[in-house]
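As a plain string of letters, each chain reads:
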Amino acid sequence: MIVGDQRRDALRRAADRIARHRPPPPAPDGTLPLWDAAFFGLDRVARFRDADAQTRQSVLADCTAGMLAESWRIECCGIDYCARMALTAEDDDERRLFGLVGADEARHAGWLAPWLAPWLATGEQEPDPFNRFIAGLAETGTPQALAFLLQVVLEGFGITHYSALAAHCRDAGLADILQRLSQDEARHHAAGLAVFRPDRLTRGDRRFLADATQVFLEMIRCGPQAVVAALDKGIGLGDQADVAATFSAIDAGAAGAAKLARLRRLMAQPGMAWLVDTLATGGLFTPCPAPDCARIYTASR
């Protein structure tokens, strides 16, 4: 556990890793699609493979815009979170740290915006449920609970998430941005570890974390809802059985299991066994079967 001078040193080291100037990334080069069908599992869906080229391109464009918009909104939410954390910081070291992390988040949002220009030009889009959920947490959580959930867990998850996006991205400029985001997420995750102190969680904090992580994991468990929605919009899916077959073809269970395992490792910080055990007992680290994913999708169709 980090206390006293050790904690102050950890905060300063985390801030020093962030405090650096970097030039802006290159502009979009127009390569389309940014990710291919295999990245989203669409190549395993017969109805997508049999569609005409224009329809396939439209589905891919929707998947890409949704994924980039989610990332952009997360970075925007990070700006608000860091502003709040800076205001409630206990000392100058912590305040400086969150000022620097917030500057990174603002830079990230600016970097992603050019690739979202066509989507943003259509007017203000409604945030998806995941982004509404994260924004709500940032507004209502206490500093220690948020440091764990948004920095230790979510930014830790972002390290591999952005790295995977970068590795498969077909636009060199965007791939460079995403790799930079992955590197910054690692520093922000480390900053969260420096700030988070499990012994300072109140009973209310523990209830907040138990409730919030349950909702968060349920969103991961129910599979790639946005990808299925893009297929439904572009090609049209039938009844619930047809939707379940689509989830199964995309291989949502395997991808979900890997994500859930990674989240479990991130949550298993010293002093947080109580949370992991509670979630595991509820089966929340196990992905939903395809029929359940389909039921959730059709209920909100």
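Here, the structure is the one placed above.
Residues numbered from 1 in each chain as written. Predicted model: local features only at pLDDT ≥ 70, side-chain atom pairs only at ≥ 80, totals over all residues. Heavy atoms only, no water.

Engineer: I'm lost on the overall build of the protein in this one. Help?
Structural biologist: From N to C terminus, the protein includes 15 helices and 0 strands. Taken against the 2.2 N^0.38 rule, which gives 19 Å for 301 residues, the C-alpha radius of gyration of the protein at 20 Å falls within 12% of a compact globule. C-alpha extents for the protein along the principal axes are approximately 65 × 45 × 30 Å. For the protein, the residues scored as buried account for 47% of the 301 residues in total. Summarising the internal contacts of the protein: among those between residues at least 6 apart in sequence, 84% fall at separations of at least 24. In the structure as shown, the protein presents an accessible area of about 13700 Å², 55% of it carried by carbon and sulfur atoms. Each charge class in the protein can be summarised by its mean position, and for the 33 positive and 38 negative side chains these summaries are 4 Å apart. (Helix = DSSP H or I, 4+ residues; strand = E, 2+ residues; numbered from the N terminus. Rg over C-alpha atoms; globule rule 2.2 N^0.38 Å. Buried < 20%, exposed > 50% of the residue type's maximum accessible area, 1.4 Å probe, protein only. Contact = heavy atoms within 4.5 Å. Areas by Shrake-Rupley, 256 points an atom, 1.4 Å probe, with all protein chains shown as cover. Lys, Arg positive; Asp, Glu negative; His and termini not counted. Charge placed at Lys NZ, Arg CZ, Asp CG, Glu CD.)

Engineer: Help me out: how do you make sense of the pattern of salt bridges in this one?
Structural biologist: Close approach of charged atoms allows side chains with opposite charge to pair. Overall, the coordinates contain 9 salt bridges when judged by the stated rule. In this structure, the salt-bridge partner of Arg47 is Asp242, at a minimum N-O distance of 2.9 Å. In this pair, Arg47 sits in helix α3 (residues 46-49) while Asp242 sits in helix α12 (residues 240-250), placing the two residues 195 residues apart along the sequence. Classification of Asp242 by relative accessible area gives buried; the value is 18%. (Salt bridge = Lys/Arg side-chain N within 4 Å of Asp/Glu carboxyl O.)

Engineer: I tried to follow the packing of aromatic side chains on my own but got confused; where do I start?
Structural biologist: The geometry of an aromatic ring pair is captured by two quantities: the separation of the ring centres and the angle between the planes. Taken as a whole and assessed by the stated rule, the structure comprises 5 aromatic pairs. Both rings, one in Tyr81 and one in Phe98, keep their centres 6.0 Å apart while their planes meet at 90°; by these two values the pair is edge-to-face. One end of the pair, Tyr81, is in helix α4 (residues 53-87); the other, Phe98, is in helix α5 (residues 92-112), and 17 residues separate them in sequence. Linked through ring pairs, Trp35, Phe39 and Phe40 together constitute an aromatic cluster. Across from the ring centre of Trp111, 5.2 Å away, lies the NZ or CZ of Arg180, which sits over that ring. Across from the ring centre of Trp274, 4.1 Å away, lies the NZ or CZ of Arg206, which sits over that ring. (Phe/Tyr/Trp six-rings, centres within 6.5 Å; stacked < 30°, edge-to-face > 60°. Lys NZ or Arg CZ within 6 Å of the ring centre and 35° of its normal.)

Engineer: What is the right way to look at the environment of Gln57 in this model?
Structural biologist: Positionally, Gln57 belongs in helix α4. Taking C-alpha positions, Gln57 is 9.4 Å from Gly234, a pair spaced 177 residues apart along the chain.

Engineer: Help me out: how do you make sense of helix α7 (residues 129-140) in this one?
Structural biologist: Taking 1.5 Å as the rise per residue, α7 with 12 residues should run 16 Å; its terminal C-alpha atoms sit 16 Å apart, in good agreement. Listing the buried residues of α7 in full gives Phe130, Asn131, Phe133, Ile134, Leu137 and Ala138. Down the axis, α7 shows its buried residues gathered within 160° of arc, on one side only. In α7, the exposed positions that point more than 90 degrees away from the buried face belong to Glu139 and Thr140. Buried residues in α7 make contact with α4, α8 (143-168) and α10 (203-221). Put simply, Asp128 is the residue that caps the front of α7, since its side-chain oxygen is 2.9 Å from the backbone nitrogen of Phe130. (Expected span 1.5 Å × (residues − 1). Arc of directions from axis to C-beta. Polar contact = N/O pair within 3.5 Å; in protein donor to acceptor, adjacent residues only side chain to side chain.)

Engineer: Would you mind showing me how to read the packing of α4 against α8 here?
Structural biologist: Any two packed helices are characterised by the angle at which their axes cross and by the distance between the axes. Here α4 crosses α8 at 150°, and the two axes come no closer than 12 Å. Between α4 and α8, the crossing angle belongs to the class labelled roughly antiparallel. Viewed along their axes, α4 and α8 form a crossing whose handedness is left-handed. When α4 is examined against α8, the residues Met67, Ser71, Ile74, Glu75, Tyr81, Arg84 and Met85 are found in contact with a partner set consisting of Pro143, Leu146, Ala147, Leu150, Gln151, Leu154, His161, Tyr162 and Leu165. Partitioning the contact of α4 with α8 into residue classes produces 11 nonpolar, 3 polar and 2 charged. (Axes fitted to C-alpha atoms, helices over the stretch in contact; angles between N-to-C directions. Parallel < 35°, antiparallel > 145°, perpendicular 65-115°, else oblique. Left-handed = near helix turned anticlockwise from the far one by under 90°. Nonpolar A, V, L, I, M, F, W, Y, C, P; charged D, E, K, R; others polar.)

Engineer: What is the right way to read the nonpolar core from this model?
Structural biologist: Most often, soluble globular proteins keep nonpolar side chains buried together rather than apart. Formed by 48 residues in total, the largest nonpolar core has its most connected members in Tyr81, Ile134 and Phe148. It is α8 that contributes the most residues to this core, 10 residues altogether. Discounting chain neighbours no more than four positions away, the residues touching Tyr81 are Phe98, Ala138, Leu146, Ala147, Leu150 and Gln151. Ranked by size, the runner-up nonpolar core spans 42 residues in total, among them Val59, Trp115, Leu178 and Ala230. (Core = buried A, V, L, I, M, F, W, Y, C linked by side-chain atoms within 4.5 Å.)

Engineer: Looking at this structure, I do not really get α10. What am I missing?
Structural biologist: The periodicity of an α-helix, 3.6 residues per turn, causes residues three or four places apart in sequence to face the same way. Between the first and last C-alpha of α10 there are 27 Å, a value that for 19 residues agrees with the 27 Å anticipated at 1.5 Å per step. Within the span of α10, buried status applies to Asp205, Phe208, Leu209, Ala212, Thr213, Phe216, Leu217, Ile220 and Arg221.

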